[in-house]
Amino acid sequence: MNDFTCSLLSCATDDDRSWGMDDYGAGVAKWCPGCGDHAVLTAVERLLELEQLPPERTMFVSGIGCSSRFPHYLRTYGFHGLHGRALPVATGIRLRRPDLHIFVVMGDGDCCSIGTAHWIHTTRYNPRMVAIMLDNGVYGLTKNQTSPTSPRGRASNTQPRGAFMPPINPLSVTLGVTNASFVAQTGDWLPGHLVATLQAAFHHHGFAFVRILQRCPQYTDDLYKEVMRSPDAVELLEHPDGVTVSDLPAAYRNRRTHDPRDLHQARRLAEPDGKIRLGVFYRNEDLPVYEEVRAVPLPTTAEKVALLNKELDRYAV
Ligand code: SF4
């Protein structure tokens with residue numbers, strides 16, 4: 001048994017204690033200096049502290065990629081799975097463990113490429129979990145390959161003359177799926193907005209998809225630099241049912257009241273028009289949730305014995 005497991009078991013009996021951010025951290029994150037993943041990890045630890053989530057009832061599931069190292073750096077339960085397969089693993093966990101707080105961490109290459117079918121259908125199935133998609137527009141772990149969200153023309157090791165095709169828009173895709181219930185976007189360089197968005201996602205009853213614009217200084221340093229330098233390029237979507245952050249830098253003047261129940265408007269706002277929009281695009285808690293639709297009560301021991309006896313009686317001679 002390693003230290004990680006021991007510490008989880010020792011806290012499992014300590015229901016009354018309160019949790020600080022330090023209680024959730026595990027080990028030293030090995031991302032590059034300046035990588036946005038560090039900021040997202042800190043925001044996630046802050047969320048866990050704000051919500052006082054017991055580590056032994058919190059689960060992080062990831063696929064493959066730089067961001068998918070997340071579970072290693074958190075003192076919760078974790079599953080570092082296969083490329084693109086985090087969502088079905090998390091759905092399986094949700095079906096068996098309705099008591100757990102489940103988070104999924106994926107990269108753009110992970111979610112929008114090999115994991116696309118799972119992304120689409122998990123959105124449609126709408127299981128209760130928070131899916132965080134860190135979008136740095138590149139395959140970073142495998143050292144600079146064009147990803148589905150790489151901007152057209154951006155050179156990489158796989159497409160040295162520049163990406164051939166326009167990028168996929170993760171917001172529009174998710175908003176286009178039947179039964180999508182929560183879609184939001186935030187940036188790793190705005191900690192207050194990041195935490196508030198994750199908190200709104202956590203409180204959503206259903207599948208909460210959060211795209212985080214994530215800096216990768218190693219390979220796509222230029223991707224969000226302009227947006228970070230020019231807060232005027234950002235429009236904040238605000239609403240009492242979405243995210244409203246009062247302590248953002250004053251330079252973020254562009255604010256729009258957007259009712260996240262308005263799917264038509266959400267789809268319009270998600271389309272590229274020169275502005276980067278941050279906030280909750282869509283939220284609807286009246287949609288079917290997979291584990292509730294499929295809920296089958298577990299048989300009692302007496303019922304199991306009766307079923308077993310009935311089956312064995314078929315072979316009686
Ligand atoms: Fe972060 Fe990019 Fe380094 Fe990966 S390659 S750890 S995404 S900076």
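Residues numbered from 1 in each chain as written. Predicted model: local features only at pLDDT ≥ 70, side-chain atom pairs only at ≥ 80, totals over all residues. Heavy atoms only, no water.

1. Quick look at the sheet that holds strand β8 (residues 207–213)
One open sheet accounts for nine strands, arranged β2-β1-β3-β4-β8-β7-β11-β9-β10; its pairing is mixed. The strands lining the two open edges of the sheet, one partner per strand, are β2 (77–80) and β10 (255–257). Adjacent strand axes in the sheet meet at a mean angle of 20°, parallel and antiparallel pairs treated alike. Pairing geometry for strand β9 (residues 234–238) and β10, over three bridges, is parallel. In the sheet register, Glu 238 faces β10, and the bridge partner there is Thr 257. Helix-sheet contacts for helix α4 (residues 86–96) involve β1 (58–62), β2, β3 (101–107), β4 (129–135) and β8, and the interaxial angle to β3 is about 175°. (Pairing = 2+ DSSP bridges. Helix = DSSP H or I, 4+ residues; strand = E, 2+ residues; numbered from the N terminus. Axes fitted to C-alpha atoms, helices over the stretch in contact; angles between N-to-C directions. Contact = heavy atoms within 4.5 Å.)

2. Observations regarding the packing of helix α3 (residues 36–51) against helix α8 (residues 191–202)
Two numbers describe how α3 lies on α8: the axes approach to 9 Å, and their chain directions differ by 50°. When the interaxial angle is binned, α3 and α8 end up oblique. Of the two elements, α3 crosses α8, and the hand of that crossing is right-handed. Here Ala 39, Val 40, Ala 43, Val 44, Arg 46, Leu 47, Leu 50 and Glu 51 of α3 come into contact with α8, specifically with Leu 194, Val 195, Leu 198, Gln 199 and Phe 202. For the contact of α3 with α8, the class distribution of residues is ten nonpolar, one polar and two charged. (Parallel < 35°, antiparallel > 145°, perpendicular 65-115°, else oblique. Left-handed = near helix turned anticlockwise from the far one by under 90°. Nonpolar A, V, L, I, M, F, W, Y, C, P; charged D, E, K, R; others polar.)

3. Digging into the environment of Phe 207
Structurally, Phe 207 can be placed in strand β8. Overall, the relative accessible area of 2% leaves Phe 207 in the buried class. Aside from chain neighbours lying at most four places away, what touches Phe 207 is Leu 87, Thr 122, Thr 123, Asn 126, Pro 127, Met 129, Ala 131, Ser 181 and Phe 182. (Buried < 20%, exposed > 50% of the residue type's maximum accessible area, 1.4 Å probe, protein only.)

4. Describing the packing of aromatic side chains
Evaluation of the coordinates by the stated rule reveals eight aromatic pairs. An angle of 45° between the planes, with centres 5.6 Å apart, marks the rings of Trp 31 and Phe 70 as tilted. Of the two residues, Trp 31 is situated in the loop between α2 (21–24) and α3 and Phe 70 in the loop between β1 and β2; the sequence distance between them amounts to 39 residues. Of the two residues, Trp 31 and Phe 70, neither departs from the other in class, the shared state being buried. On the numbers, 6.0 Å between centres and 20° between planes, the contact of Trp 119 with Phe 209 is stacked. Of this pair, Trp 119 sits in helix α6 (residues 116–125) while Phe 209 sits in strand β8, placing them 90 residues apart in sequence. Judged on exposure class, the residue Trp 119 and its partner Phe 209 are both buried. (Phe/Tyr/Trp six-rings, centres within 6.5 Å; stacked < 30°, edge-to-face > 60°.)

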